[in-house]
Amino acid sequence: MTSDELRQTLKKKISAAVTPREAAVAVMKELQGHYGWLTDAALREAADLLGLSPLQVEELATFYEMIYRRPVGNKVVHVCDSISCWAMGGETFLSQLEAELGIHVGETTADGMFTLLPCCCLGNCGNAPTMLIGDKLYGELSVEKAMAILTNEREEKEKREAR
Amino acid sequence: MEQPLFQHNKPGRCVTFAEYREEGGFGALKKGLQEMSPGEVQQAVQDSGLRGRGGAGFPTGKKWSFVPQDLPGPRWVICNCDEMEPGTYKDRVLLEANPYSLLEGMVLAAYAIGARQAFIFIRRGYETAAANLQRGIDECLAAGLLGENILGSDFSCDINMHSSAGRYICGEETALMNALEGKRANPRAKPPFPAVKGLWGGPTVVNNVESLANVPGIVAKGPEWFKGLAKTPEGAGTKLFCLSGHVVTPSCFELPLGMPLAEIIDGPAGGMRPGSRFKACLPGGASTPFFSAGQLPVPMDFDAVAKAGSRLGTGGIVVFDQDTCMVAATLNLIRFYARESCGWCTPCREGLPYVRYMLEQIEAGEGSREYISILQDHVQLLDYSFCALAPGAMGPVQGLLSHFMDELEEHIDTERCPFTAGKNGGAYTPPGV
């Protein structure tokens, strides 16, 4: 989608809302989807569309765990660190994943593919440990299983780019 | 055993709109709109004894009755699907299997309080549930079950989805309303209560997914039927219990309210994993005081669990075995709450990191006996916070102090954690390895 098309989509969302501001999170999420993260320019764009000041958008953006105000990799890997996953070896799982990817939490792999972030309970507690990539929840993870999923994500991206 | 919430579930997939209708779905909506007044729908829910399934357990019908009928301007129904309480995943399981009971219940709720528009506030990560709901909304609109003049009646109602971006506090109903309005999701002062002054200043009812999904059954079959579903005389309805931790089958089950904890663990949950013995559990999500083995016979109903010193909460039962360090488990929970504090009020913003520090020191073998009384003081002190987040956070600390004092003292006196497994969150190999 070009930026113009995106602007039209967002304007539609905003006019369908009860007040423009109601659409703020939706607008931030769409812009983030487009740019990869909520860049300073995207934040100003959101403010302009919503009739808010950039600061008003910033105070929203920084409130949410899944709005990224810093550059992230192609895919953000959110690993649950809450109690049910913890009880099923979540801490071990996360540190193994750090070792396999060669990064610490909060960092991005050198190829720009993955950013690793711990996150709040993903509501997949019966399938602990668990992670969220994009819109997809994965459960009953071991580090081997998680790496296979990540390898697949990388291959999918390479395939998309080859097309 | 009747399972009104799971009765339409199909193995491995979501029920279709056609199947739901063929199986009697939307019959309650028809009955409600054509044979009952809004007041009668409200009375039925009140008489049923349905208590909120989101954590607080406030009677749903009573909440509706607080909406003043004489105030001008729009009023609103909000479904709280911001299910972020650690250990809780019942709303996701319900909506991935069937979005229609919720939609039907929401239209009935809107009818009962006279709302023209309703919202579903859904958390990030529940994209399958959100897609099911959006599809369901479109199907209902096309079939005249939603929108203008529903089923040929004078009543009109729309349901809109609002997708969030991940923040625990949004599940607190006043914070949720700020979030929905596009403001930073700090909680609001109560009173005025949302029923009087809520979303955009209008009367608002905020109900949990499971609460609303129970409404069609109550309207169709009556309050007495609903009361009869529970195992305890004072209870009403079934409950979605979602199990996690060291049990054989950590799944979500629809069971009669009041089923004893031991029966849930040994029955549907398949008992403890091989080699595991029950040590403790969070009976109703992350903000409820621990139960230890002494509470295994407690009937899992609101009053009985409260009498036993905890809360039924969301019904998210997190089970821990003998190798779990309860100090480390509490530390994990407090880290969560300290991070999720919205920062609005001082007791929560400053108190939780302090409690976290105390527990970190104790777990690292660097605590002192004095820390125990500091923790005890903080259970009281954090009650001064603005909303229920910090008191909820202190629930597990309270449970630690009342059931596992010996473990706390051992950490302090021996200057180390006695559990090798506990330090690393359990020495468990995840299934499938």
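A. Representation of the overall build of chain A within the structure. The helix and strand tally for chain A stands at seven helices and four strands. Going from N to C terminus, chain A has its helices and strands arranged as α-α-α-α-β-α-α-β-β-β-α. Along the longest, intermediate and shortest principal axes, the C-alpha atoms of chain A span 45 × 40 × 25 Å. Counting the 163 residues in chain A, one finds 42% classified as buried.

B. Looking closely at helix H3 (residues 40–50) of chain A. Residues and elements named next belong to chain A. For H3, the set of buried residues is Ala42, Leu43, Glu45, Ala46, Leu49 and Leu50. End-on view of H3: buried residues confined to an arc of 160°, all on one side of the axis. Exposed and facing more than 90 degrees away from the buried side of H3 are Asp40 and Ala41. Looking at the packing, one finds that the buried side of H3 touches helix H1 (3–16), helix H2 (24–35) and helix H4 (54–61). Looking one or two residues past H3, glycine 51 carries a phi angle of roughly 70°, positive in sign.

C. Inspection of the sheet that holds strand S3 (residues 131–133) of chain A at higher detail. Residue and element names in this part refer to chain A. In spatial order, the strands read S2-S1-S3-S4; together these four strands make up an open sheet with mixed pairing. Only two strands of the sheet have a single partner each, and these edge strands are strand S2 (114–119) and strand S4 (136–138). Strand-to-strand twist in this sheet, taken as the mean axis angle between neighbours without regard to direction, amounts to 25°. As defined by bridge partners, strand S1 (residues 75–80) adjoins S2 across six bridges and the pair is classed as parallel. From the neighbouring strand, lysine 75 faces S2, where its bridge partner is phenylalanine 114. On top of the sheet, helix H6 (residues 90–101) reaches S1 and S2; it is set at about 165° to S2, its chief contact.

D. Molecular detail of the interface of chain A and chain B. The interface of chain A with chain B comprises 43 residues on the first partner and 49 residues on the second. Residue assignment for the side of chain A that touches chain B shows that the elements contributing at least two residues are H2, H4, helix H5 (83–87) and H6 of chain A. Of the residues assigned to the side of chain A that touches chain B, the class counts are 24 nonpolar, 10 polar and nine charged.

E. Examining the nonpolar core more closely. Ranked by internal contacts, the top residues of the largest apolar core, which has 190 residues, are B:Ile78, B:Cys79, B:Met106 and B:Ala118. Not counting chain neighbours up to four residues away, the residues in contact with B:Cys79 comprise B:Leu102, B:Met106, B:Ala118, B:Phe119, B:Ile120, B:Phe121, B:Asn207, B:Val209 and B:Leu212.

F. Summary view of the sheet that holds strand S5 (residues 238–245) of chain B. Residues and elements named next belong to chain B. One open sheet holds the five strands; their spatial order is S6-S5-S9-S7-S8, and the pairing between them is mixed. Looking at strand neighbours, the two that pair on one side only are strand S6 (252–256) and strand S8 (291–292), the edges of this open sheet. Two strands pair when backbone bridges link them, and strand S7 (residues 278–282) and S8 are joined in this way by two bridges, in the antiparallel orientation. Each residue of the ladder has a partner; that of cysteine 281, found in S8, is phenylalanine 291.

G. The domain arrangement of chain A, seen in detail. According to the domain assignment, chain A contains domain 1 (3–61) and domain 2 (75–162). Computed from C-alpha coordinates alone, the two centres of domain 1 of chain A and domain 2 of chain A are separated by 28 Å.

H. Quick look at the domain arrangement of chain B. Residues and elements named next belong to chain B. Each assigned domain of chain B is listed with its residue range as follows: domain 1 (17–228), domain 2 (238–321) and domain 3 (326–423). Here the C-alpha centroids of domain 1 and domain 2 sit 27 Å apart. Counting residues at the interface gives 13 residues for domain 1 and 15 residues for domain 2. The leading source of residues in the side of domain 1 that touches domain 2 is helix H5 (residues 90–97), at three residues.

I. The arrangement of the packing of helix H14 (residues 326–340) of chain B against helix H17 (residues 389–403) of chain B in detail. Residues and elements named next belong to chain B. H17 packs onto H14 with a crossing angle of 175° between their chain directions and a minimal axis gap of 9 Å. The pairing of H14 with H17 is recorded here as roughly antiparallel in orientation. On H17, the residues that touch Met326, Val327, Thr330, Leu333, Ile334 and Tyr337 of H14 are Leu389, Ala393, Pro396, Val397 and Leu400. The residue inventory of the contact of H14 with H17, partitioned by class, reads 10 nonpolar, one polar and no charged.

J. Region of the structure containing unusual backbone geometry. A cis geometry characterises the amide bond from A:Ala128 onward to A:Pro129, with omega recorded as -10°. Its location among the elements puts A:Pro129 in the loop between S2 and S3. The amide bond that connects B:Lys190 to the next residue, B:Pro191, takes the cis arrangement and shows omega of -5°. Of note, B:Pro191 is situated in the loop between helix H8 (173–180) and strand S4 (204–208). The backbone of B:Asn149 shows a phi angle near 40°, a positive value even though the residue is not glycine. In this structure B:Asn149 comes out as exposed when scored by C-beta crowding, with 11 C-beta atoms within 10 Å. Despite not being glycine, B:Leu151 has its phi angle at roughly 50°, a positive value.

Reading the values: the criteria
- Residues numbered from 1 in each chain as written.
- Chains lettered and ligands numbered in written order.
- Predicted model: local features only at pLDDT ≥ 70, side-chain atom pairs only at ≥ 80, totals over all residues.
- Helix = DSSP H or I, 4+ residues; strand = E, 2+ residues; numbered from the N terminus.
- Buried ≥ 20, exposed ≤ 12 C-beta atoms within 10 Å, placed from the backbone.
- Arc of directions from axis to C-beta.
- Contact = placed C-beta atoms within 7 Å.
- Pairing = 2+ DSSP bridges.
- Axes fitted to C-alpha atoms, helices over the stretch in contact; angles between N-to-C directions.
- Nonpolar A, V, L, I, M, F, W, Y, C, P; charged D, E, K, R; others polar.
- Core = buried A, V, L, I, M, F, W, Y, C linked by C-beta atoms within 7 Å.
- Domains from an automatic or database assignment.
- Parallel < 35°, antiparallel > 145°, perpendicular 65-115°, else oblique.

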